[in-house]
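Take a look at the letters that make up each chain.
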Amino acid sequence: MIILIIGGSASQNLAAKVANLLDEQLCPIETRRFPDGERYVRIKDEISDEVVVIQSTGYPQDENFMELFFIIKNLKDIGAKKVKVVIPYLGYSRQDKRFKPGEAISVKIIAELLEAAGADEIFSINLHEHKIIEFFNILAHDLSAIPLLAEHLSSKVDDPVIIAPDKGALDYAKTMANIIGCEYDHMEKTRISPERVETRIKNLDIEGKSAIVVDDIISTGGTIVNASRILKDQGAREIRVACVHPVLVDDALLRIFSAGVDDVIATDTIKSEVSVVSVAPLIAETLKNG
Ligand code: R5P
C-alpha cells in the first residue's frame, strides 16, 4: 500500500528524511501566511488512502498547530481514509494540569482538537509527562529518542557519568547509562534550613569525571545552567548536555555555554543549531512496524 508523507512547515526536512528511509512518496504541499497573518494550506498532489503528517509544534506553537489542524481536516475532506499524525515535539505539554483554579488544561484541549480535526493515530516523542497519552481517545504513542542520543554520544565520550538535573529526568539518565554502559545519578534538592536549599548530586563523586547532563527539554536553560554550575563546583572535568527537545528560548544556549558547558546536543524534533541527532530513523521504524 502506498503511504504518502506530508511535512508541515516546521518539519519539512525531517519528513523528507522519513519518506526517504521508508521509500515512500513525499507529498508537495503549499503552506504560507496571508499578509494579515492567517494561514493558507494546499495539498498539491493526489492523496493516498493512508497519509502520514509530520509537524512539530514548537515556536510559533499556535501557527504550527493551526497549520496541522488544517492539513489533517483538509486531508479527510479530500478523501484520506486514515491520517497518522507525527508530532515530534508536542507544544503546550507543560500545561497538563490545572495548577491554579480556572486554568485551561491546554494539552488536553490540543488532544481533543487533533481528534476533532480527524487524526486517527498520534505519535509523539518523549512527551513531557507520559500520562498526556491518556488525554487522547485515539491510539497515541510516546516514543523515546534517548537511545538515539546515547548512541551518538557513546562514540564521543570515554567513561562518562550521566546526570539527571532533577529526579524527573532520572529515567532518561538510566536509559542512557544502560546503553553507554556507565554510571548515572540525579541531582537532589535538600533543605538545609528554612532559608537555604542545597542542590547536589545524590550519590556519585563527580571529581575529575566527564559528565553528561540529560533532560527532555531545554527551554530557558535555567535547569541546565544550575546543574552545570554545581557539576563545575564539584570538580567535573568536562560537561556535555543532551536533550531531546531544544526549545531554546532567547539566549538559552549562550547562557549554557557561559556556565562552562563544553558541548550541547539535541534531536531535530525541533530545528535548532544543536539538532545533530535525527529522530527520522525512530519515526520511520515505528511507522514501518505499525
Ligand atoms: C522540567 O520538568 C523539564 O524536564 C525541563 O527540565 C525543563 O522544562 C527545562 O526548562 P528550563 O530550560 O527553562 O529550565
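If you're wondering where the values come from, they're calculated on a predicted model, not measured in any experiment.

Enquirer: Would you mind going over the pairing of strand β5 (residues 50–54) with me for this structure?
Expert: Moving residue by residue along a regular strand, the side chains alternate between the two faces of the sheet. Buried residues dominate β5, accounting for five of its five residues. Both faces of β5 are covered, namely the face carrying Glu-50, Val-52 and Ile-54 and the face carrying Val-51 and Val-53. Here strand β1 (residues 3–7) pairs with β5 via five bridges, running parallel. Counterpart to Gly-7 in the pairing with β5 is Ile-54.

Enquirer: Would you explain the sheet that holds strand β8 (residues 139–143) in this entry?
Expert: Taken together, six strands build an open sheet; the order of strands is β2-β1-β5-β6-β7-β8 and the sheet is parallel. Looking along the sheet, the strands with just one partner apiece sit at the ends: β2 (25–26) and β8. The pairing of strand β6 (residues 82–87) with strand β7 (residues 121–125) spans four bridges and is classified as parallel. Paired with Val-86 across the strands is Phe-123, a residue of β7.

Enquirer: Sorry if this is basic, but what is going on with the packing of aromatic side chains here?
Expert: Geometrically, a pair of aromatic rings is defined through the distance of the ring centres and the angle of the planes. In the structure shown here, the tally under the stated rule is three aromatic pairs. With 5.7 Å between their ring centres and 85° between their planes, Phe-34 and Tyr-40 make a pair best called edge-to-face. Its relative accessible area of 33% is what places Phe-34 among the partly exposed residues. Owing to a relative accessible area of 24%, Tyr-40 belongs among the partly exposed residues under this scheme. Pairing Phe-65 with Phe-69 gives two aromatic rings, centres 6.0 Å apart and planes at 25°, and the pair type is stacked. On the criterion of helical spacing, the pair formed by Phe-65 and Phe-69 is a turn pair, its members being four residues apart in helix α2 (residues 61–77). No difference in accessibility class separates Phe-65 from Phe-69, as the two residues are buried. An aromatic cluster is defined as three or more aromatic residues linked by ring pairs; in this entry it consists of Phe-65, Phe-69 and Tyr-92. The lysine or arginine in question, Arg-32, covers the ring of Phe-34, its NZ or CZ lying 5.6 Å from the ring centre. Sitting above the plane of the Tyr-40 ring, Arg-32 keeps its charged end 4.3 Å from the centroid.

Enquirer: Looking at this structure, I do not really get the environment of Asp-215. What am I missing?
Expert: Mapped onto the elements, Asp-215 comes out in strand β12 (residues 210–218). With relative accessibility at 7%, the residue Asp-215 sits in the buried group. Separated by 44 residues in sequence, Asp-215 and Asp-171 place their C-alpha atoms 9.7 Å apart. Filtering out sequence-adjacent residues up to four positions away, Asp-215 remains in contact with Pro-165, Ala-169, Tyr-172, Thr-223, Ile-224, Ala-242, Cys-243 and Val-244.

Enquirer: Would you take a moment to explain empty space enclosed by the protein for this structure?
Expert: For the structure on display, the rule yields one cavity of 30 Å³ or more. If you add up the space inside the largest cavity, you get close to 40 Å³. Tyr-89, Leu-90, Ser-93, Ser-124, Ile-125, Asn-126, Leu-127, His-128, Ile-217 and His-245 together form the lining of the largest cavity. Tallied by class, the residues present in the lining of the largest cavity amount to five nonpolar, five polar and no charged.

Enquirer: Got a minute to help me understand the site of the ligand in this structure?
Expert: The immediate surroundings of the ligand are formed by Arg-94, His-128, Asp-215, Asp-216, Ile-217, Ile-218, Ser-219, Thr-220, Gly-221, Gly-222 and Thr-223. Asp-216 is positioned such that a nitrogen or oxygen atom in its side chain is 2.5 Å from an oxygen atom of the ligand. Its free accessible area being 370 Å², the ligand has 77% of it covered by the protein chains. In this structure, the ligand is accommodated by the largest pocket. Among the elements of the structure, β12 and α6 (222–233) are those that each provide at least two residues to the shell around the ligand. Broken down by element, the residue count for the shell around the ligand peaks at four residues, all from β12.

Enquirer: Teacher, can you tell me more about the nonpolar core here?
Expert: Grouped burial of nonpolar side chains is what soluble globular proteins tend to show. With 41 residues, the main nonpolar core has Ile-54, Ile-162, Met-176 and Ile-283 as its most contacted residues. Two domains each provide a minimum of three residues to this core, namely domain 1 (3–144 + 278–289) and domain 2 (146–268). Setting aside anything within four residues of it in sequence, one finds Ile-54 in contact with Ile-5, Ile-6, Gly-7, Gly-8, Ser-11, Leu-14, Ala-15, Val-18, Val-86, Pro-88 and Ile-283. Of all hydrophobic cores here, the second largest spans 33 residues; its members include Leu-4, Phe-69, Val-85 and Ile-110.

Analysis parameters
- Residues numbered from 1 in each chain as written.
- Predicted model: local features only at pLDDT ≥ 70, side-chain atom pairs only at ≥ 80, totals over all residues.
- Heavy atoms only, no water.
- Buried < 20%, exposed > 50% of the residue type's maximum accessible area, 1.4 Å probe, protein only.
- Helix = DSSP H or I, 4+ residues; strand = E, 2+ residues; numbered from the N terminus.
- Pairing = 2+ DSSP bridges.
- Phe/Tyr/Trp six-rings, centres within 6.5 Å; stacked < 30°, edge-to-face > 60°.
- Lys NZ or Arg CZ within 6 Å of the ring centre and 35° of its normal.
- Contact = heavy atoms within 4.5 Å.
- 1 Å grid on protein atoms, 1.4 Å probe; cavity = no way out; pocket = protein on both sides within 12 Å on 5 of 7 lines; lining within 4 Å.
- Points joined across faces, edges and corners; volume = space filled by probe spheres on them.
- Nonpolar A, V, L, I, M, F, W, Y, C, P; charged D, E, K, R; others polar.
- Near = heavy atom within 4 Å.
- Polar contact = N/O pair within 3.5 Å; in protein donor to acceptor, adjacent residues only side chain to side chain.
- Areas by Shrake-Rupley, 256 points an atom, 1.4 Å probe, with all protein chains shown as cover.
- Sits in = over half its atoms within 2 Å of the grid points.
- Core = buried A, V, L, I, M, F, W, Y, C linked by side-chain atoms within 4.5 Å.
- Domains from an automatic or database assignment.

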